[in-house]
Amino acid sequence: MPIFQANNKLHFFAHVPKCAGTTIEAHLIERFGPLGMFGHSQGFNVSLQHLTWAQVTSVVPENWIASSFAVVRHPLTRFVSAYNMRLSQARPPFPREVTITDFLDWVEARLPTNPELLDNHFRPQVEFLGPKTRVFRLEDGLDAVIADLDQKFGSSPSLPPLGHFDFHVSETEGLFYSSEILPKRLIERVRILYAEDHLRFGYNPEPARSVTVKILKPTHARAYKRQAWRIRRHLSENVLQRVRNIDV
């Protein structure tokens, strides 16, 4: 949640991961100068810009914050985007052979006990919002965000147009093909996992626009890698469950 100063007051942008946050941060820097609560710091397990509202207000008194806003996204497109981003990294945290259904299994198993999983990328979006945070939906475009900033702080005609930053690693793009086919069961499971987001932001179970998932091309796939990962994952989960069940 980056902090910026305007009119001698502090304001927050609640950066929900995978919701155009990097683009908006670049605009805020151009407009207001350097941001606070940004980058990495000892004492936090996640990037400062990915802190939830509860995490931020544990160190910054809530009454210091004059206003806050956030951009949210359909939970399914956000989940798929986060999966695609990790899959495209030069060194992904899981084998590229792992399917999005496998990955959802992994997230569901870990999120309840590790909500900061992968830099808070899979927390429900509602956890990033304060009680008075103004919410914009990414699907409606970012013009409304700029208009709101203009209304609050005055227009800035000299600023460049709001662009979009894509940090996918280009050298890996040739490894994948794209598919718009997602299992119905996966769509339902994501809806259940992020039920509060659907309700709060008025999203239907399926997004209005198609969702594209990356899939490793068969010429690059090694089936044993996926199977080995699944075996290690289940072994790890069994061990963790046994530890939790120990009566201390």
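Residues numbered from 1 in each chain as written. Predicted model: local features only at pLDDT ≥ 70, side-chain atom pairs only at ≥ 80, totals over all residues. Heavy atoms only, no water.

1. Brief notes about the confidence of the model for the protein
Here's step 1: When pLDDT is averaged along the protein, the result is 86, and 89% of the positions lie at 70 or above.
Here's step 2: Element-level pLDDT for the protein is lowest in helix α9 (residues 223–245), with a mean of 73, against a maximum mean of 96 in strand β4 (residues 134–137). (pLDDT = per-residue confidence, 0-100. Helix = DSSP H or I, 4+ residues; strand = E, 2+ residues; numbered from the N terminus.)

2. Things to note about the side chain of R123
Here's step 1: For R123, the location among the structural elements is in the loop between α5 (117–120) and β4.
Here's step 2: Of the polar contacts made by the side chain of R123, one reaches the side chain of N120; its length is 2.6 Å.
Here's step 3: Leave out the neighbours within four places in its chain, and R123 touches T52, Q55, R78, P115, E116, F128 and Y194. (Polar contact = N/O pair within 3.5 Å; in protein donor to acceptor, adjacent residues only side chain to side chain. Contact = heavy atoms within 4.5 Å.)

3. Overview of the packing of helix α1 (residues 21–32) against helix α6 (residues 143–153)
Here's step 1: The geometry of α1 relative to α6 is characterised by a closest axis approach of 13 Å and an angle of 25° between their N-to-C directions. With respect to their mutual orientation, α1 and α6 come out roughly parallel. By crossing handedness, the relation of α1 to α6 is classed as right-handed. Across from H27, L28, R31 and F32 in α1, the residues of α6 making contact are I146, L149, D150 and F153.
Here's step 2: Residue composition of the contact of α1 with α6, grouped by class: 5 nonpolar, 1 polar and 2 charged. (Axes fitted to C-alpha atoms, helices over the stretch in contact; angles between N-to-C directions. Parallel < 35°, antiparallel > 145°, perpendicular 65-115°, else oblique. Left-handed = near helix turned anticlockwise from the far one by under 90°. Nonpolar A, V, L, I, M, F, W, Y, C, P; charged D, E, K, R; others polar.)

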